[in-house]
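Read off the chains here:
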Amino acid sequence: MAALILSSLRARWASLLGSFVAVALGVAVMTAMGLGLAASLDAPPRAPERFAASPVVVMGRDTLTVEVRRGPDTAQVSKKLAHPHPVDSELIAELRELGQVRMDAGVRDAVGVNAPFAAVRELVGDRGRVLTGDDRHQADPSAARDAEAMVGVNSLLGTAAGVTAFVSVFVTASTFAFVVALRRREFGLLRMAGATPGQVRRMVLGEAVAVGLVASAVGCLLGSWAAPWLVRALVDGGVAPPWFALPGPVSWPYQVAYCAGVLVAVAGAWAASRRAARIGPVEALREASVDTGLMPWSRRAVGFTLLAAGLGLLAWTLGTDPAALLKRKTYVTQPMVLITGVAALAPVLVRPVVRLLRLDLLPGAGGLLIRENASTSVRRTAAVAAPVLVTVALAGSLLGSAATVTEARATEAREQTRGDFVVTGEGSGAGLGAGSGGGWGVVRVAGATVSATASTAVFVLEEGTALIRSDARAVSDVAAFVSVARLPVVAGDVRDLDDRSIVVNEEWEQHEVGSWVGVRLGDGRPARLRIVAVLAQGTGDNGAYVTSANAPGATVDRLDVRVARGADRAAVAAALRSTGGTVRTTSAWLAATHPRTGPQTRLGLLVVLGIALVYTGISLAGTLLMATSARGAELRSLRLAGATHGQVLRVVAGETVVGVGVGALLGGTVATVNLAGLAVALGRLSAPVGVGVPWGVVAGCVGVCLVIGVGASGVGAWGRG
């Protein structure tokens, strides 16, 4: 058997080239992504900046820790406080007895201490956190930004690796299936010579293992070369911080990628090997020129099951948790089930879709010939349509979902403000309003109503099992806030908000107006507040609202300003500049804070889409070169019937265009279903409903597929007609 497999590989290497390139590319991408993940999981230690001269740093308590139920036991869970506790004056005085204390002027979130670590740890106890060595970087302002950036890097690389594995299996399976279809006569002759179905199956799987072993090794080499480029692209694109770099020698990304490559090759060839094993001697000779028996019951069952599972999962999510459809992890992974189901049923769908195109209405016999060839050679048309289906479906679903969610959030923010200006600041130090008269959040500008708010958070223990943090805003003047805001209230009245109450949204476990809810405030202090209003859940940006009395430590970071009728807008804007914040019109603020799609998100989605498009090009080129090279007799018959060389090439190109068109229609249908589900989810959440379709990207993907497909088919048919 081994000798037969080696002989087959030597004779059939050209037909396996597409699978080889697909596996090698997939392993290369997974290796590069794995090395990037290794860099993010084992980030190089960051030297402290603020307190580099102090051997020990003491930080105030910055986490809230509570006890929750975990089955029959209990566990401690922690959440980051919105307003960390400063290092209190009494502790600072005690620390000075141990050694020199360094601190920023007016800021006591952390202090540096020149004293032995053990002595400081014993003195501080549970009154704060004691850091030494590289851990002192946690006291730097950049520490939180670095941690957030690493989460984004992990999300991007993990998503890209998952999509790569999915598309690799998909393309490899499609290629092997078409190779088996072209080799039916060969397998029939093997059966005549005495080969058993098991031997035929092992032969196909053996070829796949050989391709996987060699291609995975090549892919690991390519991935090690591409990893530095990937890191530079992440840094230049603003996804990763400037210090992000590849780790030292690490082996697990290569091991994982290599094993995944072999598994991808075997998984892609598994269904094709079973189909090859079912080919009988007489059946192979009978089916050598005509596509019949295209869909065994097992594939139909798998296709319809996946299709039902995809639609059922979408319906179930809409019914139980529509907000999940707005999350990137969901709208990136969920379409894959529908894509796989539709692709599995592609041979059944090709013929009716081709008939819908009505190519017979074109002048001359070319249109009729193209339609009949495409609908008769279903395997070839389905093999061309499948990779296009993946690309178009991913482009429409991913970029369309991102654009839809972003636009809904921007519209939601636009509908919730009546102001003419928005002033924003960093939320630190004296905050906005310094020098404008008054204390916390009191800003007076002649001819305008000014509402000052601050970022904060509240924590609630749901069912005793989960500590949930909800972003909130603290309001100083409720009357002014109501005059400049237009919140999506579904029950109650925001005007009733006071120091003993709270405004929540429908996502909260307890959201009945008039009921009391126990919460922890942004600094961890417990409070019991009465719900006076409930907001629609929306896109997830409708947080809670409390008064400034329930946000100790919060600093004003936003002013919403409504200019009175007849007042001078220029004078109001000039007066607002004295607050020290950035003054923008509401429309300019919305454009800056709610862009169409964030650059990091768009970069990540384009990386995923680029991977799919490269695979599509490989699959199209390999499939069409193999298919056209096997049609020499058919194309020569067309010439004998009177067709010119140019007419033959146009027929071959037309069949390719039809295959790409079928894939685009099926992929567009999958994308439409996903975007329709997202629109329904927005409606159920009482959020603005609108669908963003990336027509330009989808058209570009289809155009690339057409260029590659027509070019490959033309090259394959050039000397055979």
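Our structure is the block above this text.
The shown structure was predicted, so the numbers you read here are calculated from the model rather than taken from an experiment. (Residues numbered from 1 in each chain as written. Predicted model: local features only at pLDDT ≥ 70, side-chain atom pairs only at ≥ 80, totals over all residues. Heavy atoms only, no water.)

Observations regarding the packing of aromatic side chains
Logical step 1: Tallied over the entire structure, the rule returns 1 aromatic pair.
Logical step 2: Residues Phe-481 and Tyr-545 carry aromatic rings whose centres are separated by 5.3 Å and whose planes lie at 45 degrees to one another, so their mutual orientation is tilted. Remark: Tyr-545 occurs in strand β14 (residues 544–547) and Phe-481 occurs in helix α15 (residues 478–484); sequence separation between them is 64 residues.
Logical step 3: Overall, Phe-481 belongs to the buried group, its relative accessible area being 7%.
Logical step 4: Judged by its relative accessible area of 11%, Tyr-545 is buried. (Phe/Tyr/Trp six-rings, centres within 6.5 Å; stacked < 30°, edge-to-face > 60°. Helix = DSSP H or I, 4+ residues; strand = E, 2+ residues; numbered from the N terminus. Buried < 20%, exposed > 50% of the residue type's maximum accessible area, 1.4 Å probe, protein only.)

Describing a positive patch on the surface
Logical step 1: A surface patch of like charges, here positive, comprises Arg-418, Arg-486, Arg-562 and Arg-565.
Logical step 2: Take Arg-418: it is sitting in the loop between α14 (378–415) and β7 (421–424). (Patch = residues over 30% accessible without salt bridge, like charges linked within 9 Å, V, L, I, M, F, W, Y side chains within 5 Å. Areas by Shrake-Rupley, 256 points an atom, 1.4 Å probe, with all protein chains shown as cover. Salt bridge = Lys/Arg side-chain N within 4 Å of Asp/Glu carboxyl O. Lys, Arg positive; Asp, Glu negative; His and termini not counted. Charge placed at Lys NZ, Arg CZ, Asp CG, Glu CD.)

Details of the sheet that holds strand β1 (residues 56–60)
Logical step 1: What the 4 strands build is an open sheet, ordered β4-β5-β1-β6; its pairing is antiparallel. For this open sheet the edge positions go to β4 (101–102) and β6 (128–132), each flanked by a neighbour on one side alone.
Logical step 2: Sheet analysis places β4 next to strand β5 (residues 110–113), joined by 2 bridges and oriented antiparallel. By the bridge assignment, Val-101 is partnered in β5 with Val-113. (Pairing = 2+ DSSP bridges.)

Focus on the pairing of strand β13 (residues 526–535)
Both faces of the sheet carry side chains from a regular strand, because those side chains alternate between them.
Logical step 1: With 7 of 10 residues buried, β13 is to be regarded as a mostly interior element.
Logical step 2: Strand direction decides the pairing type here: strand β10 (residues 489–492) and β13, joined by 3 bridges, are antiparallel. Looking across to β13, one finds that Val-489 is bridged to Leu-535.
Logical step 3: When strand β11 (residues 501–505) meets β13, the two strands line up parallel, connected through 5 bridges. Following the sheet pairing, Val-504 is matched in β13 by Val-534.
Logical step 4: Pairing analysis gives 5 bridges linking strand β12 (residues 516–520) to β13, with the strands arranged antiparallel. When the sheet's bridge partners are listed, Trp-516 is paired in β13 with Arg-530.
Logical step 5: Connecting β12 to the antiparallel partner β13 that follows it, the hairpin turn spans 5 residues, and Gly-524 within it adopts a positive phi of roughly 90 degrees.

Some points on unusual backbone geometry
Logical step 1: Positive phi is not limited to glycine here, since Glu-463 has a value of about 55 degrees.
Logical step 2: The exposure class assigned to Glu-463 is exposed, which follows from its relative accessible area of 57%.
Logical step 3: For Ser-686, which is not glycine, the phi torsion reads 60 degrees and is therefore positive.
Logical step 4: Its place among the elements puts Ser-686 in the loop between α20 (645–684) and α21 (695–717).

Some remarks on the environment of Leu-326
Logical step 1: Relative to the helices and strands, Leu-326 resides in the loop between α9 (297–320) and α10 (328–333).
Logical step 2: Note: C-alpha distance between Leu-326 and Thr-406 (80 residues apart in sequence) is 9.5 Å.
Logical step 3: When near neighbours in sequence (up to four residues on either side) are disregarded, Leu-326 contacts Tyr-331, Val-405, Gly-538, Thr-539, Leu-678, Ala-681, Leu-682 and Leu-685. (Contact = heavy atoms within 4.5 Å.)

Remarks on the environment of Cys-220
Logical step 1: Tracing the sequence through the fold places Cys-220 in helix α6 (residues 197–236).
Logical step 2: By relative accessible area, which is 10% here, Cys-220 ends up buried.
Logical step 3: For the pair Cys-220 and Leu-25, spaced 195 residues apart in sequence, the C-alpha to C-alpha distance is 9.2 Å.
Logical step 4: In this view, Cys-220 contacts Val-27, Thr-31, Tyr-254 and Tyr-258; residues no more than four positions away in its chain are not counted.

So, the nonpolar core
Logical step 1: The biggest cluster of nonpolar side chains holds 86 residues, and the ones touching the most others in it are Met-33, Val-153, Val-167, Leu-234, Phe-244, Leu-394 and Val-662.
Logical step 2: Take this core: its biggest share by element is 17 residues, from α14.
Logical step 3: Excluding residues within four positions of it along the chain, Val-662 makes contact with Val-350, Val-353, Val-354 and Ala-385.
Logical step 4: Core analysis: the second largest hydrophobic core is formed by 19 residues, Ala-472, Trp-508, Ile-531 and Ala-551 among them. (Core = buried A, V, L, I, M, F, W, Y, C linked by side-chain atoms within 4.5 Å.)

Notes on the side chain of Thr-317
Logical step 1: Residue position: Thr-317 is located in helix α9.
Logical step 2: The exposure class of Thr-317 is buried, given its relative accessible area of 6%.

Re the state of the cysteines
Logical step 1: According to the stated counting rule, one finds 0 disulfides in the structure shown.
Logical step 2: Here Cys-259 stays unpaired: no disulfide links it, and the sulfur of Cys-220, its closest cysteine neighbor, is 9.0 Å away.
Logical step 3: Looking at Cys-701, it has no disulfide partner, and the nearest cysteine sulfur is the one in Cys-705, 6.7 Å off. (Disulfide = S-S within 2.5 Å.)

Quick word on α6
Logical step 1: Here α6 is 40 residues long and its end C-alpha atoms lie 54 Å apart, about the 58 Å a rise of 1.5 Å per residue gives.
Logical step 2: The largest bend in α6 is about 35 degrees, located at Ala-226, with the proline Pro-228 one to four residues further on.
Logical step 3: With its phi angle positive at about 80 degrees, Gly-238 sits one or two positions after the end of α6. (Expected span 1.5 Å × (residues − 1). Bend = angle between axes of the 7 residues up to and from the residue.)

As for the packing of helix α5 (residues 184–192) against α6
Logical step 1: Running from amino to carboxyl end, α5 crosses α6 at an angle of 140 degrees, the nearest separation of the two axes being 10 Å. The pairing of α5 with α6 is recorded here as oblique in orientation. You can see that α5 and α6 cross each other, and the crossing is right-handed. Contact with α5, carried on its side by Glu-186, Phe-187, Leu-190 and Arg-191, involves Pro-197, Val-200, Met-203 and Val-204 of α6 and no other residues of that element.
Logical step 2: Residue composition of the contact of α5 with α6, grouped by class: 6 nonpolar, no polar and 2 charged. (Axes fitted to C-alpha atoms, helices over the stretch in contact; angles between N-to-C directions. Parallel < 35°, antiparallel > 145°, perpendicular 65-115°, else oblique. Left-handed = near helix turned anticlockwise from the far one by under 90°. Nonpolar A, V, L, I, M, F, W, Y, C, P; charged D, E, K, R; others polar.)

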